[in-house]
Amino acid sequence: MGATTTLGSSAYGEFEEATPDHPGAARLVFDPPARLTGIVRTSDGAPVSLRLGLEVSFDSAPLPLVSSNPDGRFEFECIGPGTQRLYSLDEDWIIDDRYEEFEVVSGRTIEVVVIVHPHSAGRSAVR
Amino acid sequence: MVGAEIHTAPGKVVAPHADHARRAPVAVTDARGEYACRSLPPGLITLGASALGRADGVLPTVELRSDSANVVDFTLAPERDLRLRVTSEGRGLPGARLEPLGESYDLNPWKGQRQYLAFWRGPTVADDQGWLNVHGVDASFQGDMRVHAHGFQAQLVSLATSPDELALAPVTWLEVAATSREGGPPPELYRVAVRDTTREPSWCGNCDENRFANLWRDSPAVELLAPNHWRIAWNGLGCFVE
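Now for a description of the structure that goes with this document. (Residues numbered from 1 in each chain as written. Chains lettered and ligands numbered in written order. Predicted model: local features only at pLDDT ≥ 70, side-chain atom pairs only at ≥ 80, totals over all residues.)

Brief notes about the overall build of chain B
- Counting its secondary structure elements, chain B contains two helices and 18 strands.
- Considering only intrachain contacts with a sequence separation of at least 6, the fraction spanning at least 24 residues in chain B is 59%. (Helix = DSSP H or I, 4+ residues; strand = E, 2+ residues; numbered from the N terminus. Contact = placed C-beta atoms within 7 Å.)

Quick look at the overall build of chain A
- Along the backbone of chain A there are zero helices and 11 strands.
- Put simply, chain A runs from its N terminus to its C terminus through helices and strands in the order β-β-β-β-β-β-β-β-β-β-β.
- For 127 residues, the compact-globule estimate of 2.2 N^0.38 gives 14 Å, and chain A exceeds it by more than 25% at 18 Å.
- Dimensions of chain A along its principal axes, counting C-alpha atoms only, are 60 × 40 × 20 Å.
- Here chain A holds 127 residues, and the buried ones make up 30% of them.
- Sequence separation of at least 24 residues holds for 56% of the intrachain contacts in chain A that already meet a minimum separation of 6. (Rg over C-alpha atoms; globule rule 2.2 N^0.38 Å. Buried ≥ 20, exposed ≤ 12 C-beta atoms within 10 Å, placed from the backbone.)

A short note on the interface of chain B and chain A
- Each side of the interface is counted separately: chain B has 23 residues, and chain A has 24 residues.
- Only β14 (172-180) and β15 (189-195) of chain B provide two or more residues apiece to the side of chain B that touches chain A.
- At nine residues, β14 of chain B tops the list of elements feeding residues into the side of chain B that touches chain A.
- Tallied by class, the residues present in the side of chain B that touches chain A amount to 13 nonpolar, four polar and six charged. (Nonpolar A, V, L, I, M, F, W, Y, C, P; charged D, E, K, R; others polar.)

Some words on unusual backbone geometry
Residue and element names in this part refer to chain B.
- Phi is positive for Glu89, close to 50°, though the residue is something other than glycine.
- Relative to the helices and strands, Glu89 is located in the loop between β6 (82-88) and β7 (91-92).
- Take Glu89: there are 9 C-beta atoms within 10 Å of it, and that puts it in the exposed class.
- With a phi angle near 70°, Asn235 is a residue other than glycine that sits in the positive phi range.
- Looking at where Asn235 falls in the secondary structure, it is placed in the segment after β18 (229-234).

Describing the sheet that holds strand β9 (residues 124-125) of chain B
Residue and element names in this part refer to chain B.
- The strand order across the open sheet formed by four strands is β9-β8-β11-β12, and the pairing between neighbours is antiparallel. Each end of this open sheet is capped by a strand with a single partner; those strands are β9 and β12 (155-158).
- As paired elements, strand β11 (residues 144-148) and β12 share four bridges and run antiparallel to each other. Bridge assignment links Arg146 to a residue of β12, and that residue is Leu156. (Pairing = 2+ DSSP bridges.)

Thoughts on the sheet that holds strand β1 (residues 2-5) of chain A
- On the basis of which strands lie adjacent, the open sheet formed by four strands has the order β2(A)-β1(A)-β15(B)-β16(B) and antiparallel pairing. Bordering the open sheet on either side are β2 (10-12) of chain A together with β16 (212-216) of chain B, each of which pairs with just one other strand. With direction set aside, neighbouring strand axes in the sheet form an average angle of 15°.
- Direction of pairing for β1 of chain A relative to β2 of chain A: antiparallel, over a ladder of three bridges. Bridged to Ala3 of chain A within β2 of chain A is Ala11 of chain A. (Axes fitted to C-alpha atoms, helices over the stretch in contact; angles between N-to-C directions.)

Section: the environment of Asn214 of chain B
Residues and elements named next belong to chain B.
- Summarising the element assignment, Asn214 is placed in strand β16.
- A C-alpha to C-alpha distance of 6.9 Å links Asn214 and Arg191, two positions 23 residues apart in sequence.
- Once residues within four sequence positions are removed from consideration, Asn214 is found in contact with Arg191 and Ala193.

Brief notes about the environment of Pro33 of chain A
All names here are of chain A.
- Within the secondary structure, Pro33 sits in the loop between β3 (24-30) and β4 (34-42).
- Residue class for Pro33 comes out buried when judged on the 23 C-beta atoms lying within 10 Å of it.
- The sequence separation of Pro33 and Thr109 amounts to 76 residues, and the corresponding C-alpha distance is 9.7 Å.
- When sequence neighbours within four positions are dropped, the list of residues in contact with Pro33 reads Leu7, Cys78, Ile79 and Gly80.

Describing the nonpolar core
Residues and elements named next belong to chain B.
- The biggest cluster of nonpolar side chains holds 58 residues, and the ones touching the most others in it are Val86, Val176, Val192 and Ile232.
- Each residue touching Val86, except ones within four places of it in the same chain, is listed here: Gly92, Leu93, Ala96, Ala126, Gly130, Leu132, Val147, Ala149, Leu166 and Leu168.
- Counting residues in hydrophobic clusters, the runner-up holds seven residues, among them Ile6, Leu47, Ala49 and Ala51. (Core = buried A, V, L, I, M, F, W, Y, C linked by C-beta atoms within 7 Å.)

Take a look at the structure:
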């Protein structure tokens, strides 16, 4: 069996043999969370303020959300270690390849630079 | 028929839905068996009728017109006498439920079975002795129905015969507890994937990789003991690996 936490950590294990009279039990130990900080800017170096989200699991929309400030700085104080994907949730800005992927180490702080581009094509409106 | 209840649902009813089951009838027939309803909007609508001792009648979708009176008559056949006791080890299971098929999951292996309950019928719940008294089923119905109870495996029972008892097997409980390695705050579980390794592997390795039951905190098989501690009813409703 495997499990994912709301912070995006994964762990795997096995149940004790279970019978209808004896429940199977599994105790999963997850590594402590990490911290992700960074700056969002354009390819020209201009800081960008937008909403960012992390994908916790393949079957969910990005869940942990933050916004970068006017200087482009953002911080996820508590995220699961391992591979994390960061998405732009602002329809005016996109990240190359849709998301930026980072390896996050348990108990450490990782600092990243995220490059975004204006997203102007294909906009629709309801009036 | 006196006191027959008229039910409606907008558009075409593809499958029963909990929203339909909560609705009161839009009209009740009078001493002459007639009803009138002046509050329905024009357009496509599904109409049905139920009465004591009669099989539910659901008509094909009709289009109501606003520029003239709409006359919709029903003829209801006798219902099947359907009384069934749900047990485990000889004891009745109070609260066992019989639900319209198709209301559960996309992964429901019984999806596609013929519906046997009309769209306004909610689940039938067993009484203190485990008896299910099912009303509205047509006498000619020969299909299957699904029964489940908390802590027991769901089961289909065929109405091709006349069963008077259905024994449910208990589920196998699994408990998952999550902790943090260095004594930090306990993590909150988001998803748990369980695989039955007691089964024979298939010839296709990729198929084996897909043979997981994926569970979330709101899955019917999950009891939330704590955010980091789940109790899972393995082989319960919605928790199985084909």
